[in-house]
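Inside the fold
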Amino acid sequence: MKDYLGTGKSFASKKDYKKALMNFKKALAEDPDQKNVHFEIGKVYYEEHEYVQAIDEFLKEIKINPQFIHAYLLAGKAYKSRGRHEEALSQLKKAQEINRGDKGIEEQVHYEKGQIYFAQKKYDLSIEELIKTLELGPANINAQLLLAIVYENHGSYEDALKLLGKVAETNKGDKGIKAGEYCERALVYFKQKEYELSLKELNKALKIDKPNIKAHLLLAKLYKEQGGYEEALKELGLLTESGAPSKEIRQEISYLKTGIHIEQRKYGLAEKEIKKAITLDDKNCLYHLALSKFYMLALDYDKAIKELYKVMRSEEKDRNTDNEMLGQILQLASEWDKTGGRSKAIQIFENALKLNSPDNTSFKNILTNEIEIAHNKTKLASRVRKLSITVTNRCNLNCKMCVMDRSVVREISEKVKDEIIGALPYLERIAWLGGEVFLYRGFNELLDETIKYPVKQTVTTNGLLLDEETAARIIKNNIWLEISIDGTTKEVYEAIRRGAKFDVLIEKLNMINALKKEINPGYKMSMNVVVIKSNYRQLESFAEFAGKYGISNLNFLIALWKSKEDIAGLDGDILASINKSLKNVERNCKKYNIRFTRDAPDDYLNRPSANNSCYQIGGNIQARKIKNSKCYAPWTSLVLDIQGDVKPAAHCLCSVTTGNLNKESLDEIWNGRKMVAYRKMILSGDIEKVCNLKKNFGRIPFELLQY
């Protein structure tokens, strides 16, 4: 009898797959149950990337030979190649079960599982499997490189760089591996915003492996990030010229070009590129969101909503997609409402609600709330969206301008804490305030609970009690820090924030920036400055200070409470000079790419003399616009103080308390008689009966006024 199996294997080793398959089929014709034949056929199909046929053959082999471990292993790899990850894991698990101590097989299984978990973005599981791989095969350079890539995606940049060092040590002259190492190190530096180091590594990669798709793509992103749009387009052009790039690469090229053309305000080219990407992958939600955003920039709202509806109907969207989509929906509805298209705004909210991801409770709550606002409802089915909570009056400092009563130490009660935790699934934002929040004993528990939900958190603190572990958790979870700093020199800072040490502040800022670089380079934080008598002469130094210490937002607050440091009593010329200084700070902030905000318009400081009341609405257009606006805080927000008292908003110092959480539930207060009365009075125009709008016109955020 001719050995068709052996002959077929010989042809397969020479990559003559046509003759190999012919011999394997002859072997099966003689004996349909012959072992190893289906396996060899499967290997041929696998090599030719015919994964469906390969899987079929491997499963036939397993049926004939259930203890054939390599059939399970290759079936798992074929399933993985088709993106059928759970089936792949099942086959790999069976390979592990029948393995009898073969360390080579065990190493392969762990490596394959590491790849699958990486593809599923289950980075912790991927790291676990790849570490096991390297315990069995310390010189497995592919596992080393993949583990570095996983660490980079996980945000563990220092671990990634260490692994890349091992890759360099293990590599024995393989140029492909070396180029991969350089590219991955460049990507880590890119994410850490170390652009010069990233460029250096990319040049090394391209020196030994040109053209290198990954290097050219990353180089284009690097140029784009630094505003070098023409250089970025040149790199993307080189990719196209180097041959026919894959479908995935063509998609990424078009997506990058879209962003570049939008920055260049070449909207026609941007539209053309994003449509190319959509042609290649119509199911990609990010592409449709990019096109929707483009249409909004072009003021073509009807086309924008069509793209948003495609995202709403998609089964591919995730929580991040939902959040981006929600932002665009709110923006679009706001634009329609301004132009008299309230019915369209309501329709988009209602349709989004029907197509909402069922597990995204806060998304559903926000949309329900927006519909109720649009219909002028005063009793709401939606829950509160935004909470601002003073958790304690305890503080480690005794600041000059502070008017908080600390004669008796107070903290929120356990009942209040439980009410807050119960509201978390519905919330959009939450702000934690003190005293000093890190002196509240239950704060870590509240942080842990809130992190479980997609709530945007803000922590206002003097920063001096922040330890490395808490700071790392805050940075990792993108919890926004607002650090109160009222002086840029030791003398002024310590004179205002009595009990503080300027050197400790600088240590804490440096610690935050070091952790930011390691954990989350895109992390942003704010600095709050209260403008008072003791610091107004050094206002113009704050922009440089903020730029030096990695501050993203610089907020200037004008004290609206009566204290010895209140600038209200200063001469009009001094107030005008303060206003001029703030304008200079705003200009300087642009140099450092810092967002500048102030909580009072020019009229607040441009008074002819100190005899005029600081608390009267000025005559400028902005002030008149606010005076005639409706405030929607009672439909969206609540403020809780340490004694459990509740009001609709802190910004304008609402004058009527609507309830107490120690006596009532949050839901009872939210639709209680006083909250409903707030809403009714605002709708009827009787706002001044319950609101200090005239006194505080500069402090009301515009998002509460513009719907």
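Everything that follows concerns the structure shown earlier in this document.
Residues numbered from 1 in each chain as written. Predicted model: local features only at pLDDT ≥ 70, side-chain atom pairs only at ≥ 80, totals over all residues. Heavy atoms only, no water.

**Section: the sheet that holds strand 5 (residues 480–484)**
One open sheet holds the 10 strands; their spatial order is 9-8-7-5-4-3-1-10-11-12, and the pairing between them is mixed. Two strands lie at the open edges of the sheet, namely strand 9 (595–598) and strand 12 (659–660), each paired on one side alone. Pairing between strand 11 (residues 645–647) and strand 12: two bridges, direction antiparallel. When the bridges of strand 12 are listed, Val-646 appears paired with Gly-659. (Pairing = 2+ DSSP bridges. Helix = DSSP H or I, 4+ residues; strand = E, 2+ residues; numbered from the N terminus.)

**Considering the pattern of salt bridges**
Any two side chains of opposite charge can pair if their charged atoms end up close together. Taken as a whole, this structure holds 34 salt bridges when the rule is applied. Between Lys-214 and Glu-184 there is a salt bridge, with its nearest N and O atoms 3.1 Å apart. With a gap of 30 residues between them, Lys-214 in helix 13 (residues 213–225) and Glu-184 in helix 11 (residues 175–191) connect regions that are remote in the sequence. Here the salt bridges share partners, and the residues they tie into one network are Lys-178, Glu-181, Arg-185, Glu-201 and Lys-204. (Salt bridge = Lys/Arg side-chain N within 4 Å of Asp/Glu carboxyl O.)

**Remarks on unusual backbone geometry**
With omega at 0°, the peptide bond leading from Lys-210 into Pro-211 counts as cis. Within the secondary structure, Pro-211 sits in the loop between helix 12 (195–208) and helix 13. Of note in this structure, Asn-36 is not a glycine but carries a positive phi near 80°. Counting through the fold element by element, Asn-36 comes out in the loop between helix 2 (17–30) and helix 3 (37–47). With phi around 55°, Asn-593 is a residue other than glycine that occupies positive phi space. Counting through the fold element by element, Asn-593 comes out in the loop between helix 28 (572–591) and strand 9.

**Digging into the nonpolar core**
Grouped together as the largest cluster of nonpolar side chains are 85 residues, with contacts concentrated most on Trp-432, Leu-554 and Phe-556. Here this core gets seven residues from one element, more than from any other, and that element is helix 26 (residues 502–519). Other than its neighbours up to four places away in sequence, Trp-432 contacts Ile-389, Val-391, Ile-420, Val-437, Phe-443, Leu-446, Leu-447, Thr-450, Gln-457, Thr-458, Val-459 and Thr-460. Grouped together as the second largest cluster of nonpolar side chains are 38 residues, Tyr-4, Ala-12, Tyr-51 and Leu-73 included. (Core = buried A, V, L, I, M, F, W, Y, C linked by side-chain atoms within 4.5 Å. Buried < 20%, exposed > 50% of the residue type's maximum accessible area, 1.4 Å probe, protein only. Contact = heavy atoms within 4.5 Å.)

**Here's the deal with the environment of Thr-450**
Summarising the element assignment, Thr-450 is placed in helix 23 (residues 443–451). On the accessibility criterion, Thr-450 (0% relative accessible area) is buried. Taking the C-alpha atoms as reference points, Thr-450 and Ile-421, separated by 29 residues in sequence, lie 7.5 Å from one another. Residue contacts for Thr-450: discarding those within four places in its chain leaves Leu-424, Ile-430, Trp-432, Val-455 and Gln-457. Within the local environment of Thr-450, its side chain forms a polar contact with the backbone oxygen of Leu-446, the two atoms lying 2.7 Å apart. (Polar contact = N/O pair within 3.5 Å; in protein donor to acceptor, adjacent residues only side chain to side chain.)

**Brief notes about the packing of aromatic side chains**
Evaluated as defined, the whole model comprises 16 aromatic pairs. Here the aromatic rings of Phe-190 and Tyr-195 are separated by 5.8 Å at their centres, their planes lie at 50°, and the arrangement is tilted. For Phe-190, a relative accessible area of 15% puts it in the buried group. Among the aromatic residues, ring-to-ring pairing joins Tyr-493, Phe-502, Phe-545 and Tyr-549 into one connected group. Above the plane of the ring of Tyr-426 lies Arg-383, whose end atom (NZ or CZ) is 4.1 Å from the centre. (Phe/Tyr/Trp six-rings, centres within 6.5 Å; stacked < 30°, edge-to-face > 60°. Lys NZ or Arg CZ within 6 Å of the ring centre and 35° of its normal.)

By themselves, these observations are geometric and do not establish any function.
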